[in-house]
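# Survey of secondary and tertiary structure
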Amino acid sequence: MIRANDNYSKLKASYLFSDIAKRVDDYQKKNSGTQIIRLGIGDVTKALVPAVIKGFHDGVDEMASDATFRGYGPEQGYAFLRDKIAKNDFQDRGADISADEIFVSDGAKCDTGNFQELFATDIRVAIPDPVYPAYLDTNVMAGRTGEFADGRYTGMVYMDCLKENNFLPNLPDEEVDLIYLCFPNNPTGSTATRADLKGWVDYAKKHKALILFDAAYEAFVRDENLPRTIYEIEGAKEVAVEFRSFSKAAGFTGTRCGFTVVPKDCRVFNSVGEKTSLHSLWNRRHTTKFNGVSYPVQKAAEAVYSEAGKVQVKQQIDAYLKNADIIRKTIDSLGFDYVGGNNSPYIWVDGKDRDSWDFFDLLLTKAGVVCTPGAGFGRCGQNYIRISAFNTLENVMSAMDRIKEALK
Ligand code: MLT
């Protein structure tokens, strides 16, 4: 008899963003006259920049001739891309990461979800609350939790991110083995300083733990005092894996490309406590289960690092940050507290005592604006909503006018 993985029955029926998409579609069907403005899922709206399109076209053209055609590429990514990532994203920032420590993939969601496969099922996992749901759900699927009760899974260590701690997780009181961190944060938009990250690196060293650091929103950091990679922190190479994405940084949500940095110094321990290379484990997993990102997509990603590409993607992110500024100012003028939106595309709004799904419904039905209910990211997200800056300037301005009217 074929039997299902029972852990799946512990999950909520559908993934947060699929659930929201369905609610919005149902509403739209019944209200076909409403022009809905989507500030929910963090999906980019601007076209790929010209330098990236040229790289993409060049890659496609090469596939059209026998002389330059490519079949399977290296699973870890082509050297032309890994070299540029290592230089631009790390070495130029003083972080000693080499090209062979970079694994190119089809995006950070898959990598952050899949990485937990490398670890024993009985490790202690610490996860922020609120949190990007893929980290938690994949640990549930793997059997690292008990049942869901009172908005939480038993067996998981939750790190509350609240106004009182500036939405930054505190170091856990109990000993944990695997720690998920995300900065600039999704969903709150909060950022961490070098001193904050040093605290985590020190914790991981002391407790022989590992940090999974999601830096998918790093390109939105404009404050020069903030770290752009965890490897700016001394010793992080032994205790941290970093995930990056071209999705938000260069508009690749539909194109799919990201990468994971697994330093060769990074260690994990086997069942008798001996150090093992995490790089070798991930390499084994990656080469077994993944056949590489398509050649034209890697050529497109390479173009992000060209002189023109750098200027063009920066302008694109500046435009989203300008939207974020407009959202922050509106939220402020309406008298709500918020965090995020200055080094991040997300604004995390305190709805005071409003239930976050009720707030979501109110904005959808009264303003025709989609946001993300904070409770979908965890218990600490109750009474909050997340507004995303990924849309056109016109739509963001119009959404803010509608929200002002709806909340008058
Ligand atoms: C989000 O809205 O949180 C993200 O866009 C979802 C994702 O990147 O998968």
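All values reported here derive from a predicted model rather than from experimental measurement. (Residues numbered from 1 in each chain as written. Predicted model: local features only at pLDDT ≥ 70, side-chain atom pairs only at ≥ 80, totals over all residues. Heavy atoms only, no water.)

### Quick notes on the packing of helix H3 (residues 79-90) against helix H10 (residues 295-303)
- At their nearest, the axes of H3 and H10 sit 9 Å apart, and the two run at 30° to each other. In this view, H3 runs roughly parallel relative to H10, as classed from their interaxial angle. As for the relative orientation of H3 and H10, their crossing is left-handed in sense. Along its contact with H3, which presents Phe80, Leu81 and Lys84, the element H10 presents Tyr295, Gln298, Lys299, Ala301 and Glu302.
- Here the contact of H3 with H10 is composed, by residue class, of four nonpolar, one polar and three charged. (Axes fitted to C-alpha atoms, helices over the stretch in contact; angles between N-to-C directions. Helix = DSSP H or I, 4+ residues; strand = E, 2+ residues; numbered from the N terminus. Parallel < 35°, antiparallel > 145°, perpendicular 65-115°, else oblique. Left-handed = near helix turned anticlockwise from the far one by under 90°. Contact = heavy atoms within 4.5 Å. Nonpolar A, V, L, I, M, F, W, Y, C, P; charged D, E, K, R; others polar.)

### Overview of the domain arrangement of the protein
- Domain assignment breaks the protein into domain 1 (6-47 + 308-407) and domain 2 (53-305).
- Just the C-alpha atoms count here: the centres of domain 1 and domain 2 sit 24 Å apart.
- Opposite the 37 residues of domain 1 that make contact, domain 2 presents 50 residues.
- Across the domain 1 to domain 2 interface the summed buried area is about 3,500 Å²; carbon plus sulfur atoms make up 60%.
- For the pair domain 1 and domain 2, the number of links is three salt bridges.
- There are 18 residue pairs in polar contact (both at pLDDT 80 or more) connecting domain 1 and domain 2.
- Of all elements in the fold, only helix H11 (307-333), strand S13 (338-340), strand S14 (346-350) and strand S17 (384-388) reach the threshold of two or more residues within the side of domain 1 that touches domain 2.
- Tallying contributions element by element places H11 first for the side of domain 1 that touches domain 2, with nine residues.
- Classifying every residue of the side of domain 1 that touches domain 2 gives 17 nonpolar, 10 polar and 10 charged. (Domains from an automatic or database assignment. Buried area = accessible area lost by both parts, 1.4 Å probe. Salt bridge = Lys/Arg side-chain N within 4 Å of Asp/Glu carboxyl O. Polar contact = N/O pair within 3.5 Å; in protein donor to acceptor, adjacent residues only side chain to side chain.)

### Some remarks on the site of the ligand
- The full set of residues close to the ligand is Phe17, Ile41, Gly42, Lys109, Tyr132, Asn186, Tyr217, Lys248, Tyr346 and Arg386.
- At 2.7 Å, a backbone N or O of Gly42 approaches an oxygen atom of the ligand.
- Between an oxygen atom of the ligand and a side-chain N or O atom of Tyr132, the distance comes to 2.6 Å.
- Within the complex, the protein chains bury 84% of what would otherwise be the 270 Å² of accessible surface of the ligand.
- Looking at side-chain class alone, the shell around the ligand contains five nonpolar, two polar and three charged residues.
- Lining the shell around the ligand are residues from two domains, each supplying at least three of them: domain 1 (6-47 + 308-407) and domain 2 (53-305). (Near = heavy atom within 4 Å. Areas by Shrake-Rupley, 256 points an atom, 1.4 Å probe, with all protein chains shown as cover.)

### Overview of the sheet that holds strand S3 (residues 125-129)
- Strand order in the open sheet formed by seven strands is S2-S10-S9-S8-S7-S3-S6, with mixed pairing between adjacent strands. Looking at the sheet topology across the chains shown, the edges are occupied by strand S2 (102-105) and strand S6 (157-160). Strand-to-strand twist across the sheet, computed as the mean angle between neighbouring axes with direction ignored, equals 20°.
- Bridge analysis of strand S8 (residues 210-214) against strand S9 (residues 240-245) gives four bridges, and the strand direction is parallel. Directly across from Leu212, in S9, lies its bridge partner Val241.
- Along the sheet face, helix H6 (residues 194-206) touches S6, strand S7 (178-182) and S8 and points at about 150° away from the line of S8. (Pairing = 2+ DSSP bridges.)

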